[in-house]
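Working through the structure, step by step
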Amino acid sequence: MSEPVSPTENEPPPDEAPEPRRREPVFNLPPVVLAAIGICAAVFLLQQYVLDDAQNMVLLYDGAFIPVLYTGKYGFDWFLFTRPFTYAFMHGGIAHIAINMIWLAAFGSPLANRLGALRFAIFYAVTGLASVVLFWALHPYSEVPLVGASGAISGMMGAAARYGFRIDRSSGRAAFAGEPLPIAAVLRLRGVMTFLGVWMVINLATGLLGFAPGVDGQIAWEAHIGGFIAGFFGLRLFDRRRLPPTS
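Now for a look at the structure at hand. Given the structure is predicted, the values throughout are model-derived calculations rather than measurements.

**Some points on the packing of helix H7 (residues 150-162) against helix H10 (residues 221-234)**
Look at H7 against H10: their axes get within 6 Å of each other, and the N-to-C directions meet at 35 degrees. Like other packed secondary-structure pairs, H7 and H10 cross with a definite hand, here right-handed. Every residue of H10 that contacts H7 at Ser150, Gly151, Ser154, Gly155, Met157, Gly158, Ala159, Ala161 and Arg162 is listed here: Ala223, His224, Gly227, Phe228, Gly231, Phe232 and Phe233. Partitioning the contact of H7 with H10 into residue classes produces 7 nonpolar, 8 polar and 1 charged.

Rendered as structure tokens:
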């Protein structure tokens, strides 16, 4: 039978103040993710409430990715260098941007906390570029403008799969935890494969059937696949954590 302990025996010594409990804010997005969301929102509001129809057409032509412009059929212009990146900050409707920003916050935040702002920004650009490269390869003569951050977000999902969706919150900020898993190990994780399988089926169904609730236009599932492949296989190029020094 244990003996009762007096209240004074439970108190810490005078010189040892109790360590404050770490609290994670409910709204705690990394600045680089907030910046990406802010740019997307600003461009969308500009299109909806500031520009007229003619100005919107100019912005769409100069900012969206249009595959046929890269076949050499229409000659050269300087926006050929920027369209593969600027398209990822443009969206086709309120449902389109709302869904993308929710997914960006969910998958981008732990990835940005893991990689840091600079590497996350480069990751966003590279996976967005990979998305349009695959889309162009499959539809080189398409004249339909491609817009949206879905390709880069799909790259973040690919990165999340390589971490096995493991999250570390010990620092007060949610970040993907552990070393990136070997591909063979990822394929053995039932939860990860189930999530990716459902995501893939939804992408193919909405893309091939040409229907997505609340989203105008066709879903570019090919761009999603391109971004996912780049994020899944290219993560180790960005996640190079420094090992602690050894004596």
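**Thoughts on the nonpolar core**
Ranked by internal contacts, the top residues of the largest apolar core, which has 44 residues, are Leu104, Leu111, Phe120, Tyr124, Leu146 and Met156. Those elements that provide at least two residues to this core are helix H2 (31-49), helix H5 (94-115), helix H6 (117-138), H7, helix H8 (183-186), helix H9 (190-209) and H10. Look past the residues within four positions of Leu111 in its chain and what remains in contact with it is Phe120, Phe123, Met156, Ala159, Tyr163, Phe176 and Leu235.

**Here we look at unusual backbone geometry**
Of note, Phe165 is a non-glycine position whose phi angle comes to about 60 degrees, a positive value. With respect to the element layout, Phe165 can be found in the loop between H7 and strand S1 (167-168). Taking the relative accessible area as the measure of exposure, Phe165 reaches 28% and is therefore partly exposed.

**A closer look at the pattern of salt bridges**
Under the counting rule described, the total for this entry stands at 3 salt bridges. The residue Asp77 makes a salt bridge to Arg83 at a minimum N-O spacing of 3.1 Å. With a relative accessible area of 0%, Arg83 lands in the buried category. Of the charged contacts, one joins Asp239 and Arg114 as a salt bridge, the two residues approaching to 2.8 Å between their closest N and O atoms. Taken together, the residues Asp239 in the segment after H10 and Arg114 in helix H5 connect sequence positions 125 residues apart. The same class applies to Asp239 and to Arg114, which are both buried.

**Some remarks on the side chain of Ser154**
Within the secondary structure, Ser154 is located in helix H7. Leave out the neighbours within four places in its chain, and Ser154 touches Trp199, His224, Gly227 and Phe228.

**Concerning H6**
For H6, spanning 22 residues, the distance from its first C-alpha to its last is 32 Å, which sits close to the expected 32 Å at 1.5 Å a residue. Residues Phe120, Phe123, Tyr124, Thr127, Gly128, Ser131, Val132 and Phe135 constitute the buried set of H6. An end-on view of H6 places all buried positions within 155 degrees of arc, on one side of the element. Next to the buried residues of H6 lie H2, helix H4 (83-86), H5, H7 and H10.

Basis of the calculations
- Residues numbered from 1 in each chain as written.
- Predicted model: local features only at pLDDT ≥ 70, side-chain atom pairs only at ≥ 80, totals over all residues.
- Heavy atoms only, no water.
- Axes fitted to C-alpha atoms, helices over the stretch in contact; angles between N-to-C directions.
- Helix = DSSP H or I, 4+ residues; strand = E, 2+ residues; numbered from the N terminus.
- Left-handed = near helix turned anticlockwise from the far one by under 90°.
- Contact = heavy atoms within 4.5 Å.
- Nonpolar A, V, L, I, M, F, W, Y, C, P; charged D, E, K, R; others polar.
- Core = buried A, V, L, I, M, F, W, Y, C linked by side-chain atoms within 4.5 Å.
- Buried < 20%, exposed > 50% of the residue type's maximum accessible area, 1.4 Å probe, protein only.
- Salt bridge = Lys/Arg side-chain N within 4 Å of Asp/Glu carboxyl O.
- Expected span 1.5 Å × (residues − 1).
- Arc of directions from axis to C-beta.

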